[in-house]
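Spelled out, the chains give:
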Amino acid sequence: MTPPDKSTEVTAAGIARLAGVGRAAVSNWRRRHGDFPKPVGGTDTSPAFALAEVERWLRAQGKLVEVPLRERVWQQLAGHPAGPSTALAHTGLALLLLRDRPPAWLALSAVSDERLAALLPGELDAVVTTRFGVRRSRAVRVPAPAELLPSVPLLRGAADLAAELGAHRTYEFLLGRQLDANPRQYTLTPEGPAALMAHLAGPARTVLDPACGTGALLRAVPARPDQHLYGQDSAPELAALTALRLALHSDATVRTMAADTLRADAYDDRRADAVLCHPPFNERNWGHDELAYDPRWTYGFPARAESELAWVQHALARLVDGGAAVLLMPPAAASRRSGRRIRADLLRRGALRAVIALPAGAAPPYNLPLHVWVLRRPGPAVPPAPELLLVEAAGALAAEGRDQHWPAVQDAVLDVWRHFDKHGTAERPGLARSVPVLELLDDEVDLAPARRLPPPAADGATPDLAAVREGLGEALRRAADLSPALPPPAQAPAPCPSLTTVGELARAGALTLHNGTGAGGGGVPVLTDHDVLTGAAPSGTTPPGTALSGTSPSGTAASGTAPDAAAADGTVVRTEPGDVVVPVFGGGAAARVIDEATAGAALGRGLTLLRPDPAALDPWFLAGFLRGTANHRRASSYASTSARLDVRRLELPRLPLAGQRGYSERFRELAAFEDALRQAAGLGERLVRGMHDGLTEGTLLPE
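Residues numbered from 1 in each chain as written. Predicted model: local features only at pLDDT ≥ 70, side-chain atom pairs only at ≥ 80, totals over all residues. Heavy atoms only, no water.

(A) Up close: the packing of aromatic side chains. Under the definition given, this model contains twelve aromatic pairs. An aromatic cluster of at least three residues, connected via ring pairs, comprises W29, F36, F49 and W57. Sitting over the ring of F173, R70 keeps its end group 4.4 Å from the ring centre. (Phe/Tyr/Trp six-rings, centres within 6.5 Å; stacked < 30°, edge-to-face > 60°. Lys NZ or Arg CZ within 6 Å of the ring centre and 35° of its normal.)

The structure is reproduced here in structure tokens:
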């Protein structure tokens, strides 16, 4: 058997993350150094190396002081010989034992690796039975000693990390890194939409997710005493992952099963207070032929192309009378002709209560404005509602004047839903309207919210358009005033200055580099790549419980760079005045200097922050040269569908601070002019849209 310290493999990309360099540097090391570790696995084009050997070589070369604990544990998990899914399951079991029975883990951790692997299954079986029930009714399997032995170094490292972060946050970190590294393998429900769906369902003691995936919906359910959470997924590894994630998150009773929900329902004898579900979309092989006479189809037998309506009826069948179901649905489910009879029956019997159109980009697939359906199981004591609530949540963004701001969406949707739920009717121009069911029961039964909502009152009103036009005139005059004067042309070609790179400046200590670590939920503003490109205010939020830091994180690489700010010590870097932020994806030349209004935001994914030493570098001088088109072209690498910028390869002149001042003033002027153009463009777009809407809707006359 492979010794545990040799079992973890790491790719060239992983080595680059450990050392805080680009992948090209790792390739150079392999060519130039004969003692570089030899591959132990992988392929010719993507070799894998033993993590322990790589660490020893990096330290011997002075390229690594110490591997941050987070990064070490992640590399052990990602390079596990049985794969990251198995590693996640083993790690979750060990963290659950540490959380629920700390003395048992402490006693086991004192013995040898072989002894730990032999004794651990017995302790795990006891805690798993307590949390998930008897073997035949649970998705979590306790591995045998031989399976656990290669995982022992990972389990010890995860326990050390849990001493810093807690068992729950440790597992969320490792799970989040796995999901980020393999986004196409999982159907993800982002934190914002998951929280919205849980709030729409209302307080519930028993909650079921029949397509639980990674457990995001059940994790979003507000905790309450004596709560029971049930999940089912056709993938055994996801059913087990969800169970471990929920058990580490709360003390609720957790039960998950691995089986095809529509064909082999594990909870056909149970009724829940609420059902949350993000079902698979456009699935033709859902069991249409074998389930023709299933008793769940009380609203009609779904067509082969209407798998989502099969999930809707399954959710209703698993509810108590009056229970709520909230499903994330593709927009086509609201209007396809093949589903109109089922939609009509859902309306007639009062089962469907609301259809909420989310802004495009809220959840994958990100190019579609997905819908949320809110349903209620009818019963003798539950009279059918005479109206259906239709919400176009993109109207909440328009009202806020932002391109994307999830808290505004959630607040607007919940506010109108609660009013409708209490009074049975609601109307917000441009956002929501409750429509009589009889009005919807036509030949199409089209429930798309945008086709039934009245237009916003403000943009169609003449006084408001007058104010917009006046503001546009002021913005255009301001832009004209700020239009930079052209400097005189050079009489002769200027001498080529000596150039340096961002990487060289970082190694010299003239600046430090930090990479963004992500956003979603929580309340602290996050600067996103979209904000940098559009000049908008920070629009994202950090995860709850994430530690924030306004200084350089500890444990940075010797080169002066921090390849992953959160991986160093659990903190997220916050922006400070004078920082320069650069997007690394997309191929566009952009750089933004952080001012007092933007300072304090956390750095989002896809961004690199450069923090210059004010005694050596002027931030406007730095940002201006980083935006050069040719500079970006030289420092970018191109995949088949995207471009990635290697910030360390960007160049700028070697000039003393005094010589940077002239460039700095010019770049400041250009930035102010660019901001004025953006403001004018936004006001002009509002004016054009408002006049088009007013003329076509009759609120404005053509004379």
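(B) Region of the structure containing the environment of K63. Within the fold, K63 resides in the loop between α3 (51-60) and α4 (69-78). Taking relative accessible area as the criterion, K63 reaches 26% and is therefore assigned partly exposed. Once residues within four sequence positions are removed from consideration, K63 is found in contact with A19, W29, W57 and L58. (Helix = DSSP H or I, 4+ residues; strand = E, 2+ residues; numbered from the N terminus. Buried < 20%, exposed > 50% of the residue type's maximum accessible area, 1.4 Å probe, protein only. Contact = heavy atoms within 4.5 Å.)

(C) Focus on empty space enclosed by the protein. Under the defined criterion, the tally for this structure stands at three cavities of 30 Å³ or more. Along its surface, the largest cavity is lined by L208, Y230, Y267, R270, R271, A272 and R318. Looking at the lining of the largest cavity residue by residue, the class counts come to four nonpolar, no polar and three charged. (1 Å grid on protein atoms, 1.4 Å probe; cavity = no way out; pocket = protein on both sides within 12 Å on 5 of 7 lines; lining within 4 Å. Points joined across faces, edges and corners; volume = space filled by probe spheres on them. Nonpolar A, V, L, I, M, F, W, Y, C, P; charged D, E, K, R; others polar.)

(D) Summary view of helix α17 (residues 406-423). Compared with an ideal rise of 1.5 Å per residue, which puts 18 residues at 26 Å, α17 spans 26 Å between its outermost C-alpha atoms and is within 8% of the ideal. For α17, every residue scored as buried is listed here: W406, A408, V409, Q410, A412, V413, L414, V416, W417 and F420. Count one or two residues on from α17 and you reach G424, which has phi positive near 80 degrees. (Expected span 1.5 Å × (residues − 1).)

(E) Seen up close, helix α7 (residues 113-132). Compared with the 28 Å implied by 1.5 Å per residue over 20 residues, the 27 Å span of α7 between its first and last C-alpha is a close match. Within the span of α7, buried status applies to L116, A117, L120, P121, L124, V127, V128, R131 and F132. Each element contacted by the buried residues of α7 is listed here: α5 (84-100), α6 (102-109), α8 (145-148), α9 (152-165), α13 (236-249) and β6 (253-258). Downstream of α7 by one or two residues, G133 has phi in the positive range, about 90 degrees.

(F) Structural context of unusual backbone geometry. Along the chain, P364 connects to P365 via a cis peptide bond; the corresponding omega equals -5 degrees. In this fold, P365 is placed in the loop between β9 (352-357) and β10 (371-376). We note that D226 has phi near 55 degrees; this positive angle belongs to a residue other than glycine. Take D226: it is sitting in the loop between α12 (216-219) and β5 (228-233). For D226, a relative accessible area of 49% gives the class partly exposed. Residue N282 is not a glycine yet carries a positive backbone phi of 55 degrees. Within the secondary structure, N282 sits in the loop between β7 (272-277) and α14 (307-317). Using a relative accessible area of 56% as the deciding quantity, one classes N282 as exposed.

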